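So you can see what is in the structure, the chains are spelled out below.
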Amino acid sequence: MAYDKFNILKSSAVPMPIENVDTDQIIPARFLKATERKGFGDNLFRDWRYNSDDTPKEHFVLNNPIYSGKILVGGKNFGSGSSREHAAWAVYDYGFRCVVSSFFADIFRNNCLNIGVLPVQVSPEFLDKIFTAIESNPNTELEVNLPEQKITILETGESESFDINGYKKQNMLNGFDDIDYLLNIKNDIEEFAEKTPL
Amino acid sequence: MAYQLLNATMSKTLFDKVWDSHVVQHIENGPDVLFIDRHLVHEVTSPVAFLGLKNRGIKVLYPERTFATADHNTPTRNQHLPVKDKLSANQLKALEENSKAHNIPYWGLGHKKNGIVHVIGPENGITVPGATIVCGDSHTSTHGAFGAIAFGIGTSEVEMVLSTQCIMQPKPKRMRINVDGALSKAVTPKDVALFIISQLTTSGATGYFVEYAGEVFRNMSMEGRMTVCNLSIEMGARGGMIAPDDKTFEYIKGREYTPKGQDWDTAMEYWKTLYSDEDAVFDKELSFNASDIEPMITYGTNPGMGMGIQKYIPLAEAVEGGVATYKKSLEYMDFNEGEAMIGKPIDFVFLGSCTNGRIEDFRAFASIIKGRKKADHVTAWLVPGSHQVEAAIKEEGILDVLQEAGFELREPGCSACLAMNDDKIPAGKYAVSTSNRNFEGRQGPGARTLLASPLVAAAAAVTGKVTDPRELMEEAFA
């Protein structure tokens, strides 16, 4: 489905300085039983966020009212494991529009790009700077500028550029999706299929 | 039938040969439009994709290239009865209805071809060399064992493939992993994979497509190759593949969806060109000695946290990466740095999954438990990967061996690997599991998973603790 356009996002951020956050943590398998894409945000990080009796775990960052915003900042190798797009849906549905990390797992990165959540990969050093800035001031704002492919810690003015392929960038900027593109070259695809045996 | 001729003048890797022959269009500074030969669909990652098609008012473009089964969310007992869990039943019903509406072959619960998607693909000849295969499941990499490019995709991509039989992907880099030499006793394909992952870490192959090469993989059975390729994603690789050889052709010949007659001969001609040319260039190449690999076990909360079963849990300071993350992981497992794994008591054993739910895995398990008894305090869930595997277990007399030792066999499905159904390991309990992920809560909220081979799982099942299977094998040979 076509999604929100992404241009410049200015927001405070939620810090999660844990490495190898896998998609089973982002959304445990028992919450994948829906047949529609709605309500996944309620179960984002379910088992880190809630006790088994559904009471919130006080020390988990999403339960800490001093942190908020549309940007989630995670440790290295964010989104590893299962291909479940439900993980990206949960991140989106909770209200995040951008995930920042020093390294993303491939499938999670693709899933994010396909639903309009921007994955921003920064250097480990810049990631540390973000964590430090948020630690000293939880209201620290980040600016994610997609047209310029630049992320800035507004308080300190420190910034870094990030990569995104040109095609995906246009999709994100305009809210286009891949299926529209593919449907437009359907004739080429059908021609290709004819010469490709089953 | 006209296979595309490859450019014979340029050296290519196996991966390049298959990928390049499936590119419909290359987008400058963007992804390739990749044609998908065969698409496997299951109940969990497909309903929203089908909904997308409905919203656009379109049909599945090539239902004959699409295959549906129910596996992730199915009970492993009493499959003849209606599924109790309402949400699960609803998801299964959605797949059945969607398959019907789009004319897709659907192998639901009770169907003789039903089973785990990555087990039934090869069993039915859906998986063939040189094909591109996708599924909304990261362990789709399994099918690379046949020299196919196979990888897991998200639901938006499932929708893309259903509606256009194509996917938009940037081409991954190429990595080759060579393992030469002879494997030691009790070292199985699972151990080879867990060893490689422990060396590369869970992100060491991210961005790459891996080719496994060398003596060890050449000598491996097709089941073993599937286990290895299956686990490629656990080091971050999009997929893994092994050049097809006579063993591959032998395995697939005569299966339902493989080419027949003249088509087989034509296909064989093409399949025999599927290997990395001698001077083909890889972006990264790694080599390991088979003799360095021991039976493996994991001690932490990702598949990279594995070690030889006789070794000691590494100290935090010796580990690459963050100390805090490492300590959090050991805390979850309730293990300490420097401890031995041998002798640790365990509560559950899970034999099954797309990683180790094939007949060879049940043979291995049976070889250890034969003439022994299941430890009283151990709960064992033995779940075949498919009805065909289940039938072979019975035919080969393995079921009798299992039953004599106090084990029972469940019905096929993904089961406790991801614990979407009722097969959940209780909080705080330890499970030696032949599956693929030991993430926190993967096998149930609070569950603690030790990943290992079927031999290690069997040894734990009869002793009730982490045990080196070689000890039990020596007894058997004495």
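Just so it is clear, the structure is predicted and the values come from calculations on it, not from any experiment.

**Section: the domain arrangement of chain B**
Residues and elements named next belong to chain B. Taken as a whole, chain B is organised into domain 1 (14-173 + 237-272) and domain 2 (300-477). For domain 1 and domain 2, the distance between their C-alpha centres works out to 28 Å. Tallying the contact residues gives 19 residues for domain 1 and 21 residues for domain 2. Looking at the side of domain 1 that touches domain 2 residue by residue, the class counts come to four nonpolar, 11 polar and four charged.

**Details of the interface of chain A and chain B**
Listed as interface residues are 51 residues of chain A and, on the opposing side, 65 residues of chain B. For the side of chain A that touches chain B, the secondary structure elements donating two or more residues are α1 (23-26), α4 (106-115), α6 (166-174), α7 (178-184) and α8 (186-194) of chain A. Sorting elements by how many residues they give to the side of chain A that touches chain B places α4(A) first, with six residues. Its residues assigned to classes, the side of chain A that touches chain B shows 19 nonpolar, 16 polar and 16 charged.

**Remarks on the nonpolar core**
As a rule of thumb, nonpolar side chains are buried together in soluble globular proteins. One finds A:V91, A:V117, B:C166, B:V349, B:I369, B:A431 and B:A457 to be the most contacted residues of the largest nonpolar core, which totals 196 residues. Sorting elements by how many residues they give to this core places helix α16 (residues 454-463) of chain B first, with eight residues. When we break this core down by domain, the ones giving at least three residues each are domain 1 (14-173 + 237-272) and domain 2 (300-477) of chain B. Ignoring any residue separated from it by four or fewer positions in sequence, one finds B:C166 in contact with A:L182, A:I189, B:V24, B:V33, B:L34, B:F35, B:I36, B:M160 and B:V161.

**What to know about the environment of A:I8**
Residue and element names in this part refer to chain A. Checked against the element boundaries, I8 lands in strand β1 (residues 8-16). When the C-alpha positions of I8 and N145 are compared, they lie 4.5 Å apart, and in sequence the two are 137 residues distant. Leave out the neighbours within four places in its chain, and I8 touches E143, N145 and L146.

**Considering the sheet that holds strand β2 (residues 32-35) of chain B**
Ordered by their spatial adjacency, three strands build an open sheet running β1-β2-β8 (chain B), and the pairing between neighbours is antiparallel. The open sheet terminates on both sides in strands that have one partner only, identified here as β1 (23-26) and β8 (166-169) of chain B. Between one strand axis and the next, the sheet turns by 20 degrees as a mean value, whatever way the strands run. Relative to β2(B), β1(B) is paired through three bridges, and the arrangement is antiparallel. From the neighbouring strand, B:V23 faces β2(B), where its bridge partner is B:L34. Sitting on the sheet, α8(A) is in contact with β1, β2 and β8 of chain B, with an inclination near 145 degrees to β1(B).

**Details of the confidence of the model for chain B**
Here chain B averages 96 in pLDDT, and 97% of its residues register 70 or above. Contacts from residues 1-5 of chain B, a stretch scored under 50 in pLDDT, to residues over four places away or in other chains number eight contacts.

**Topic: the sheet that holds strand β9 (residues 173-180) of chain B**
The strands that make up a sheet pair up through hydrogen bonds in the backbone, lying either parallel or antiparallel. Residue and element names in this part refer to chain B. Pairing is parallel across the open sheet formed by four strands, whose spatial order is β11-β10-β9-β12. The sheet terminates laterally at β11 (239-241) and β12 (284-289), the two strands that pair on one side only. Mean inter-strand twist for the sheet, computed between neighbouring axes without regard to direction, equals 20 degrees. Note that strand β10 (residues 208-213) and β11 share three bridges and pair parallel. Residue E211 lies in a different strand from β11, and its bridge partner there is M241.

**Observations concerning helix α5 (residues 155-164) of chain B**
All names here are of chain B. Among the 10 residues in α5, 10 count as buried, and that is most of the element. By the burial criterion, the buried members of α5 are T155, S156, E157, V158, E159, M160, V161, L162, S163 and T164. Count one or two residues on from α5 and you reach Q165, which has phi positive near 60 degrees.

What counts and how
Residues numbered from 1 in each chain as written. Chains lettered and ligands numbered in written order. Predicted model: local features only at pLDDT ≥ 70, side-chain atom pairs only at ≥ 80, totals over all residues. Domains from an automatic or database assignment. Contact = placed C-beta atoms within 7 Å. Nonpolar A, V, L, I, M, F, W, Y, C, P; charged D, E, K, R; others polar. Helix = DSSP H or I, 4+ residues; strand = E, 2+ residues; numbered from the N terminus. Core = buried A, V, L, I, M, F, W, Y, C linked by C-beta atoms within 7 Å. Buried ≥ 20, exposed ≤ 12 C-beta atoms within 10 Å, placed from the backbone. Pairing = 2+ DSSP bridges. Axes fitted to C-alpha atoms, helices over the stretch in contact; angles between N-to-C directions. pLDDT = per-residue confidence, 0-100.

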